[in-house]
Amino acid sequence: MDIRELDEAALADDAVMRDYYDLCRRAELLGREDAPFWSWEECIGAYRSADSGERQQLFAAYDGPRMISIAALWSPLLDNTEKAYFKLDVDLPDRRRGVGSALLERIEEVAKADDRRLVMADSMLPFAERETHGYRGFAEACGFELSNYEVVRHLALPVPDETVQSWLDEAAPHHEGYTFETFVDEVPEELVGQLCTLLGQLAVDAPTGAVDFDEEVMTPERFAEMIQSVRAMGRARYETVALTPDREVVAQSTLAVPLSDSTTVYQWGTFVHREHRGHKLGLATKAVNLRAVQAFRDDLTLVTTQNAETNGFMVSINERMGFRPVEVAAEFVKRL
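This section reports on the structure supplied with the text. Given the structure is predicted, the values throughout are model-derived calculations rather than measurements.

About the thresholds
- Residue indices begin from 1 for each chain and proceed along its sequence in written order.
- The predicted nature of this model means local features are confined to residues of pLDDT at least 70 and side-chain atom pairs, given and counted, to a pLDDT of 80 or more, with totals for whole chains, interfaces and linings taken over all residues.
- Excluding hydrogens and water, the side-chain figures rest on all heavy atoms present in the structure.
- In this text, helices come from DSSP runs of H or I with a minimum length of four residues, and strands from runs of E with a minimum of two, each type numbered from the N-terminal end.
- It is over C-alpha atoms that the radius of gyration is taken, and the globule rule equals 2.2 Å times the number of residues to the power 0.38.
- Think of it in three bands: with a 1.4 Å probe and only protein chains considered, a residue is buried below 20% of the maximum accessible area for its type, exposed above 50%, and partly exposed in between.
- Two residues form a contact once any of their heavy atoms are found within 4.5 Å.
- Note on areas: Shrake-Rupley, 1.4 Å probe, and residue coverage restricted to the protein chains presented here.
- As used throughout, the charge tally considers Lys and Arg to be positive and Asp and Glu to be negative, leaving His and the chain termini uncounted.
- Charge coordinates come from a single atom per side chain, which is NZ of Lys, CZ of Arg, CG of Asp or CD of Glu.
- Buriedness of a pocket was judged along seven lines, with at least five required to meet protein on both sides within 12 Å; pockets are open sets of points on a 1 Å grid over the protein atoms alone, cavities are sets where a 1.4 Å probe fits but cannot get out, and lining residues have an atom within 4 Å of a point.
- Grid points are joined across faces, edges and corners, and a volume is the space filled by probe spheres set on the points.
- Following the grouping adopted for this structure description, the nonpolar residues are Ala, Val, Leu, Ile, Met, Phe, Trp, Tyr, Cys and Pro, the charged ones are Asp, Glu, Lys and Arg, and the polar ones are all others, Gly among them.
- In these notes, a set of buried Ala, Val, Leu, Ile, Met, Phe, Trp, Tyr and Cys residues joined through side-chain atoms within 4.5 Å is what counts as a nonpolar core.
- For helices, the axis comes from a line fit to the C-alpha atoms of the stretch in contact; other axes are also lines fit to C-alpha atoms, and the angle between any two N-to-C directions lies between 0 and 180 degrees.
- Each angle gets one of four labels, with under 35 degrees taken as roughly parallel, over 145 as roughly antiparallel, 65 to 115 as roughly perpendicular, and the rest as oblique.
- By definition, turning the near helix anticlockwise from the far helix through less than a right angle yields a left-handed crossing, and turning it clockwise yields a right-handed one.
- Convention used here: a crossover is right-handed provided that the path from the first strand, over the helix, to the second strand proceeds clockwise when the strands point away from the viewer.
- Strands are treated as partners if at least two bridges between them are detected by DSSP.
- One less than the number of residues in a helix, times 1.5 Å, gives the span that helix is expected to have.

## Considerations on the overall build of the chain
A count of helical and extended segments in the chain gives ten helices and twelve strands. Relative to the 2.2 N^0.38 estimate, which gives 20 Å for 336 residues, the radius of gyration of the chain is 20 Å and therefore close to what a compact globule would have. Among the 336 residues that make up the chain, the fraction classed as buried is 51%. Counting only contacts in the chain whose residues sit at least 6 apart along the sequence, the fraction spanning at least 24 positions is 73%. For the chain, the exposed surface amounts to about 15200 Å²; the carbon and sulfur share of it is 50%. Charge centroids of the chain, computed over 35 positive and 60 negative side chains, lie 4 Å from each other.

Below is the structure:
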């Protein structure tokens, strides 16, 4: 077996990256064939996009000419610099041969050389098997411990507009004086800095199990890179913000909307500033954003999201909106 780090030439090679994508798709949809999965355009757009706040390294294991296992390692550069996060997949015919363990060992060597003290990964598991699934067994056998469970939830679309209006009517008496604005991709210059500050606080306030995070350094420059990445993936970024009377950004909700044939919408962060909670701004921003997205495309079929099962605030909003739980994302951590 030959383990290689994929260089810039390999990343730019559609044949190499198509092998990478196809292996990833086969591995991650095993046993969950109906789950949403990103398209080739979304995958390659993400991997080929720049982020000045994070280093990306891709690896592949080969048996002769055949790619049999893959991994991606992401290392923060501006904050949380003792941590790294990875994804690892082994192709279906090549499991239980030590391939995954060998590639994981390589990942850990790279992380250690970069002075990373925590490595993290996650796996999608059925509810009924979250304690016993083989992926969890593999992680624990390799020295990882369970850090957190996030519940993946789906909302079927379209949602009738009168239902969306009922959520807004429910929330309105609680946030008199606040206003809501929705932006597609770019955010006005006078607001983007405040939005970046809010986005950076999400990792600190959201429940994260056994791992504590520092505030993320999100700058207008990184936000612009993120917009370029979303475009490269063939998506539009819908951002709804809540504003105080003096136009301070105090809440936000993000939806990534496909521009291609895909009909799955990805709910990214929803966050309310800690000093402005209790006004149902979370429900309101999500409802306003969903209404805007449905007005843009009436053929969308699904919104997918995930939150820590201990995040009672966001879970209650999702349940109020009709999201149904479908599986769990088990998050694992190893201290090097």
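Moving on from the coordinates now.
## Some thoughts on the layout of surface pockets
Leftover empty space is mapped by rolling, across the atoms, a probe with the size of a water molecule. Quantified by volume, the second largest pocket comes out at close to 940 Å³. When contributions to the lining of the second largest pocket are tallied by element, the ones reaching two or more residues are α2 (14-28), β4 (83-90), α4 (99-113), β5 (118-125), α5 (134-141) and β12 (324-335). Among the residues forming the lining of the second largest pocket, the class breakdown is 16 nonpolar, seven polar and ten charged.

## A few points about the nonpolar core
In this structure, Phe59, Leu73, Phe86, Ile107, Val119 and Phe144 are the most contacted members of the largest nonpolar core, which totals 26 residues. Those elements giving two or more residues to this core turn out to be β2 (54-63), β3 (66-76), β4, α4, β5, β6 (145-156) and β12. Examining the composition of this core, we find that six residues originate from one element, α4, more than from any other. Excluding residues within four positions of it along the chain, Val119 makes contact with Ala84, Phe86, Ala111, Phe144, Phe332, Val333, Lys334 and Leu336. Listed in part, the 24 residues of the second largest apolar core include Val288, Leu300, Val303 and Met321.

## Points about unusual backbone geometry
For residues besides glycine, phi is generally negative; the peptide bonds are generally trans as well. Of note, the amide linkage connecting Leu157 to Pro158 takes the cis form, showing an omega dihedral of 0°. A positive phi angle, close to 65°, is found at Asp185, a residue other than glycine. With respect to the helices, strands and loops of the structure, Asp185 is situated in the loop between β7 (179-184) and α7 (189-205). Of note, Arg247 is a non-glycine position whose phi angle comes to about 65°, a positive value. Note on placement: Arg247 falls in the loop between β8 (235-243) and β9 (249-258).

## A closer look at the packing of helix α9 (residues 281-296) against helix α10 (residues 312-321)
Here α9 crosses α10 at 45°, and the two axes come no closer than 10 Å. As far as their axial angle goes, α10 and α9 are oblique. Along this stretch, α9 crosses α10, giving a crossing that reads as right-handed. For the pair α9 and α10, the contacting residues are Gly282, Leu283, Lys286 and Leu290 in the first and Met314, Ile317, Asn318 and Met321 in the second.

## A few points about the environment of Val293
Checked against the element boundaries, Val293 lands in helix α9. In the structure, Val293 is positioned 37 residues away from Ala330 in sequence and 30 Å away in space, judged by C-alpha atoms. Residue contacts for Val293: discarding those within four places in its chain leaves Tyr238, Leu255, Val257, Val265 and Leu300.

## Observations regarding the pairing of β5
Successive side chains on a regular strand alternate, one facing one side of the sheet and the next facing the other. Within β5, seven of the eight residues are buried, which leaves the element mostly enclosed by the surrounding structure. Note on the crossover from β4 through α4 to β5: the handedness is right-handed. Across eight bridges, β5 lies against β12 in antiparallel orientation. The partner of Asp122 across the bridge, within β12, is Glu331.

## Details of the environment of Ile70
Tracing the backbone through its elements, the reader meets Ile70 in strand β3. When its relative accessible area of 1% is taken as the criterion, Ile70 is described as buried. Considering only alpha carbons, one finds Ile70 and Arg4, 66 residues apart in sequence, at a separation of 9.5 Å. Ignoring anything within four residues of it in the chain, the contact list for Ile70 reads Tyr20, Leu23, Cys24, Phe59, Ala60, Lys87, Leu88, Asp89 and Leu103.

## Description of α9
End to end, α9 covers 23 Å across 16 residues, agreeing with the expected 22 Å (1.5 Å per residue, within 8%). Among the 16 residues of α9, twelve are classified as buried, and the element is accordingly described as predominantly covered. Among all positions in α9, only Leu281, Gly282, Leu283, Ala284, Thr285, Lys286, Ala287, Val288, Asn289, Leu290, Val293 and Gln294 are buried.

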